[in-house]
Amino acid sequence: MTGRRWDMGASRRVGRVFARRPAAPDAPAFDLVASGKLDGALIDWAYYRDGRRDTRDGNYVDALQRARRGDGYVWIGLFQPNEHQLAVIGQEFGLHPLALEDATEAHQRPKLERYGDTLFAVLKTVRYVPHDDLTASSEVVESGEVMVFCGPGFVITVRHGDHGELAGLRQLLEEKPKRLAAGPGAVLHAIADHVVDSYLAVADAVQADIDQIEIEMFSPRGWRHIDRVYQLKREVLELKRAVAPLTGPMRALATLRHPMIADETRDYFRDVDDHLLRVKEQVISFDELLSSILQAGLAQVQVSENEDMRRISAWVAIIAVPTLIAGVYGMNFENMPILTTSYGYYVVLGVMLVACTVLYRLFRKNNWL
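Residues numbered from 1 in each chain as written. Predicted model: local features only at pLDDT ≥ 70, side-chain atom pairs only at ≥ 80, totals over all residues. Heavy atoms only, no water.

## Observations regarding the pattern of salt bridges
The condition that has to hold: Salt bridges are identified by distance alone: a Lys or Arg side-chain nitrogen within 4 Å of an Asp or Glu carboxyl oxygen. By definition, any uninterrupted DSSP run of H or I lasting at least four residues is a helix, any uninterrupted run of E lasting at least two residues is a strand, and each is numbered from the N terminus. Three labels apply to residues, based on accessible area from a 1.4 Å probe with only protein chains included: buried if under 20% of the type maximum, exposed if over 50%, partly exposed otherwise in between.
Taken as a whole, this structure holds 18 salt bridges when the rule is applied. Ionic pairing is found between Arg49 and Asp54, a salt bridge with its closest N-O pair at 3.6 Å. Taking the shortest distance from any N to any O, the salt bridge between Glu145 and Lys124 comes out at 3.5 Å. Here the residue Glu145 occupies a position in strand 6 (residues 141-151), and Lys124 occupies one in strand 5 (residues 118-128), the gap between them amounting to 21 residues. Here Glu145 matches Lys124 in class, with each residue buried. Linked through salt bridges whose partners overlap, the residues forming this network are Asp44, Arg53, Arg170 and Glu174.

## Some details on the pairing of strand 5
Applicable threshold: At least two DSSP bridges between two strands are required for those strands to pair.
Of all the 11 residues making up strand 5, nine are buried; the element is thus mostly covered by neighbouring parts of the structure. By the bridge criterion, five bridges tie strand 4 (residues 111-115) to strand 5 in an arrangement that is antiparallel. Note that in strand 5 the partner of Leu112 across the bridge is Ala121. Once strand 4 ends, the chain turns through two residues before running back antiparallel as strand 5, passing Gly116 with a positive phi of about 65°. Where strand 5 lies against strand 6, 10 bridges are found, and the strand directions are antiparallel. Within strand 6, the position partnered with Leu119 by the bridge is Cys150.

## Comments concerning the pairing of strand 1 (residues 42-49)
Bridging between strand 1 and strand 3 (residues 73-79) involves six bridges; their strand directions are antiparallel. Bridging from a neighbouring strand, Trp45 pairs with Ile76 of strand 3. In this structure, strand 1 lies alongside strand 2 (residues 52-53), joined through two bridges in antiparallel fashion. Each residue of the ladder has a partner; that of Arg49, found in strand 2, is Arg52.

## Some remarks on helix 9 (residues 226-243)
Test applied: For a helix, the expected span equals 1.5 Å multiplied by the residue count minus one. Any two residues whose heavy atoms approach within 4.5 Å are treated as being in contact.
With 18 residues, helix 9 should reach 26 Å at 1.5 Å per residue; the first-to-last C-alpha distance of 26 Å fits that figure. Turning to helix 9, its buried residues are Ile226, Arg228, Val229, Gln231, Leu232, Glu235, Val236, Leu239, Ala242 and Val243. On its buried face, helix 9 is in contact with strand 5, strand 6, helix 8 (184-217), helix 10 (247-255) and helix 11 (263-329).

## Comments concerning the packing of helix 9 against helix 11
Keep this limit in mind: For helices, the fitted line uses only the C-alpha atoms of the stretch in contact; every axis is such a line through C-alpha atoms, and the angle between N-to-C directions lies from 0 to 180 degrees. Angular relationships are summarised with four words: roughly parallel below 35 degrees, roughly antiparallel beyond 145, roughly perpendicular across 65 to 115, and oblique for the angles in between. When the near helix sits turned anticlockwise from the far one by under a right angle, the crossing is termed left-handed; a clockwise turn instead gives a right-handed crossing.
Packing of helix 9 against helix 11 brings their axes to within 10 Å, and their N-to-C directions diverge by 160°. Viewed along their axes, helix 9 and helix 11 adopt a mutual orientation that is roughly antiparallel. As helix 9 runs across helix 11, the sense of the crossing is left-handed. Contacts between helix 9 and helix 11 involve Ile226, Val229, Tyr230, Leu232, Lys233, Val236, Leu239, Lys240 and Val243 from the first element and Leu276, Val279, Lys280, Val283, Phe286, Asp287, Leu290, Ser291, Ile293, Leu294, Gly297 and Leu298 from the second.

## Quick word on helix 3 (residues 60-68)
Within helix 3, burial applies to Tyr60, Val61, Ala63, Leu64, Arg66 and Ala67. Gly70 lies just past helix 3 and shows a positive phi near 90°.

## What to know about the packing of aromatic side chains
To be explicit about the condition: Each Phe, Tyr or Trp ring, with Trp reduced to its six-membered ring, pairs with another whose centre is within 6.5 Å; inter-plane angles below 30 degrees give stacked pairs, above 60 give edge-to-face pairs, and intermediate values give tilted ones.
In total, this model carries six aromatic pairs according to the counting rule given. Relative to Phe154, the ring of Phe93 lies with its centre 4.9 Å away and its plane at 50°, an arrangement referred to as tilted. Of this pair, Phe93 sits in helix 4 (residues 83-93) while Phe154 sits in strand 7 (residues 154-160); the two residues are 61 residues apart in sequence, bridging distant segments of the chain. For the pair Phe93 and Phe154, a shared accessibility class is recorded, and that class is buried. The structure contains a cluster of three or more aromatic residues connected by ring pairs, namely Tyr48, Tyr73 and Trp75.

## Observations concerning the nonpolar core
Formally: Here, nonpolar core means buried Ala, Val, Leu, Ile, Met, Phe, Trp, Tyr and Cys residues that are tied together by side-chain atoms lying within 4.5 Å of each other.
One finds Ile191, Tyr199 and Met250 to be the most contacted residues of the largest nonpolar core, which totals 56 residues. A total of 15 residues in this core trace back to one element, the largest contributor, which is helix 8. Every residue in contact with Ile191, bar those within four places of it in the chain, is listed here: Trp75, Val146, Val148, Thr157, Leu166 and Leu169. If you look at the next biggest cluster of nonpolar residues, it comprises 27 residues, including Leu32, Tyr60, Ala103 and Val158.

## Here's the deal with unusual backbone geometry
Residue Asp50 is not a glycine yet carries a positive backbone phi of 55°. You can see Asp50 is positioned in the loop between strand 1 and strand 2. Look at Gln80: it is not a glycine, yet its phi comes out positive at around 45°. Topologically, Gln80 is positioned in the loop between strand 3 and helix 4. Judged by relative accessible area, which is 40%, Gln80 ranks as partly exposed.

Now the structure itself:
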């Protein structure tokens, strides 16, 4: 039964591949914007020539034809497009069906794949969630994704998640035409640099939370905050899942010989790779530090339990003395010392009080009470 389900799934996957076969390069372009096929998903698009946004006309078809002739490139920004919208984009630009499937389903691991002259990169975006007080249910790190198709004459960005907007990044790049003039690879670098910079900001904010929880854990009764350590450790793991897998793709972009990556852009990727390694080391140190804090908290729990047991044992020992004396004199014997004297009751009480006082002072001296 299991093998049969696998065969059926494989058949459907092969069927989708052939159904989404890219159009021929010389297929006539149609206006994606005017047709409304990208309504609800299209954030912005622009045609760039010599590093500057060409605003002479807003005709998508003309811009795409000029980009295909090698005169500039088109940058399209999408937000959570559905399968049909991505299929339209894939047919227009000849994108690989497997890459389109990854872009549709999201929740992908950071990676870099090469399909002919097209690069497909997946980057995890992260955002620090502000909070007044860290609790056992606080969400500290929120993650999303940015997928980038980078090919001859085009850059397509697909964003998933309510953060990681690229509109501000596009505006910053448009103020630096020299960078945009380096081609689609420059846009890919800017996005990667933007994402890694957000890692640095989130790591600094998480560092502040770790410092706070460390102070609380080593305060009196700090082990009561141990659930916060677990929660923060889970959030650091979310950050680690975004940072650690990206080191391989970023190292590849820093050394990759590809038509989309100019030599000067490759140098910039090395700088991003250096920043990423720094964040990775920082996140790994977070995980190790939280593990140490957690172990210290568990040790505090054991110490606290031992102290409670010593206090209980000390009080039991103190109470056992008058209980023993009262038990002895409660036996029904006639010949017992000072049993028939008028002062016997007070003598026994005095002995009890002296014995209890001696034991109490002894336990206090040994820090049992």
